[in-house]
Amino acid sequence: MILPPGHLWAQLQRRQQEIERVRAEAARKVVTIDVGGGLVRVTVGGDLRIRHILIAPQALQNREELEDLLVTGVNKALDAAVEMVRQELQPLEHLYPSAVEQLPR
């Protein structure tokens, strides 16, 4: 059975809208990661934007350690946010596999 082109286009648009809806929902969620025993806390949204960085006062005493903690915290928080979005999109992967594949690894 051959479907009319308009039907295929409408189906593709519905799939894309569903993916965008799930991505928008994921963007409103956040993940928070603590590193250095709580010396640095990084919060990242599902849109992969850093929302907040909290630095404990005692972390300010050692600049090199603080820099390392910030890099580690941001990277771990971004990784966790990507995984959160990946999990949100997982149910739709059969409809649009590249939606999940496009996420950073």
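Attention in this report is confined to the structure presented alongside it. For clarity, every value in this text was computed on a predicted model and none was experimentally measured. Residue indices begin from 1 for each chain and proceed along its sequence in written order. Owing to the predicted nature of the model, reporting of local features is limited to residues with pLDDT of at least 70; listing and counting of side-chain atom pairs is limited to 80 or more, with chain, interface and lining totals taken over all residues. Hydrogens and water molecules were not included; the side-chain quantities draw on all heavy atoms of the structure.

**As for the overall build of the chain**
Inference 1: From N to C terminus, the chain includes three helices and three strands.
Inference 2: For the chain, the succession of helices and strands along the chain, N to C, is α-β-β-β-α-α.
Inference 3: A 1.4 Å probe rolled over the protein chains alone gives each residue an accessible area, and that area as a share of the maximum for its type sets the label: buried under 20%, exposed over 50%, partly exposed in between. Across the 105 residues that make up the chain, the buried fraction comes to 30%.
Inference 4: A sequence separation of at least 24 residues applies to 46% of the contacts in the chain between residues at least 6 apart.
Inference 5: The method behind every accessible area is Shrake-Rupley, applied with a 1.4 Å probe, and residues are considered shielded solely by the protein chains displayed. Summed over all atoms, the accessible surface of the chain reaches about 7,100 Å², with 55% contributed by carbon and sulfur. For helices the rule is a DSSP run of H or I covering at least 4 residues; for strands it is a run of E covering at least 2, with both sets numbered from the N terminus onward. Note on contacts: a residue pair is in contact if any heavy atoms of the two residues lie within 4.5 Å.

**Quick word on the nonpolar core**
Inference 1: Nonpolar core, defined: a set of buried Ala, Val, Leu, Ile, Met, Phe, Trp, Tyr and Cys residues in which side-chain atoms within 4.5 Å join the residues together. By size, the foremost hydrophobic cluster in this structure holds 21 residues, and its most contacted members are V40, V42, V44 and L89.
Inference 2: For this core, the secondary structure elements donating two or more residues are helix 1 (5–28), strand 1 (30–35), strand 2 (40–45) and helix 2 (63–89).
Inference 3: Among the elements that line this core, the one with the most residues is helix 2, at eight residues.

**Concerning the pattern of salt bridges**
Inference 1: Whenever Lys or Arg places a side-chain nitrogen within 4 Å of a carboxyl oxygen from Asp or Glu, that contact is recorded as a salt bridge. Summed over all chains, the structure comprises seven salt bridges.
Inference 2: Where E88 meets K29, a salt bridge forms, and the shortest distance between an N and an O atom there is 2.6 Å. Within this pair, whereas E88 is found in helix 2, its partner K29 is found in the loop between helix 1 and strand 1, the two being separated by 59 residues in sequence.
Inference 3: A relative accessible area of 36% places K29 in the partly exposed class.

**A short note on the sheet that holds strand 1**
Inference 1: The antiparallel open sheet is built from three strands, whose spatial order is 1-2-3. For this open sheet the edge positions go to strand 1 and strand 3 (50–55), each flanked by a neighbour on one side alone. Neighbour to neighbour, the strand axes of the sheet diverge by 15° on average, direction disregarded.
Inference 2: A pair of strands is considered paired only if DSSP assigns at least 2 bridges between the two. Relative to strand 3, strand 2 runs antiparallel, the two being bridged by five bridges. Bridging across to strand 3, R41 finds its partner in L54.
Inference 3: Sitting on the sheet, helix 2 is in contact with strand 1, strand 2 and strand 3, with an inclination near 150° to strand 1. Every axis in this analysis is a line fitted to C-alpha atoms, fitted for helices over the stretch in contact. Angles between the N-to-C directions lie between 0 and 180 degrees.

**Details of helix 2**
Inference 1: In this model helix 2 runs 39 Å from its N-terminal to its C-terminal C-alpha over 27 residues, within 8% of the 39 Å that 1.5 Å per residue would give.
Inference 2: Three or more residues of helix 2 are buried, namely L66, L69, G73, V74, A77, A81, V82, M84, V85, R86 and L89.
Inference 3: Pairs of N or O atoms are called polar contacts if they sit within 3.5 Å, as long as, within protein, a hydrogen donor faces a hydrogen acceptor (for residues adjacent in sequence, only side-chain-to-side-chain pairs). Its side-chain oxygen placed 3.2 Å from the backbone nitrogen of E64, N62 serves as the N-cap of helix 2. Helix span, expected: 1.5 Å multiplied by one less than the number of residues in the helix.

Read these as layout, nothing more, since geometry by itself doesn't imply function.
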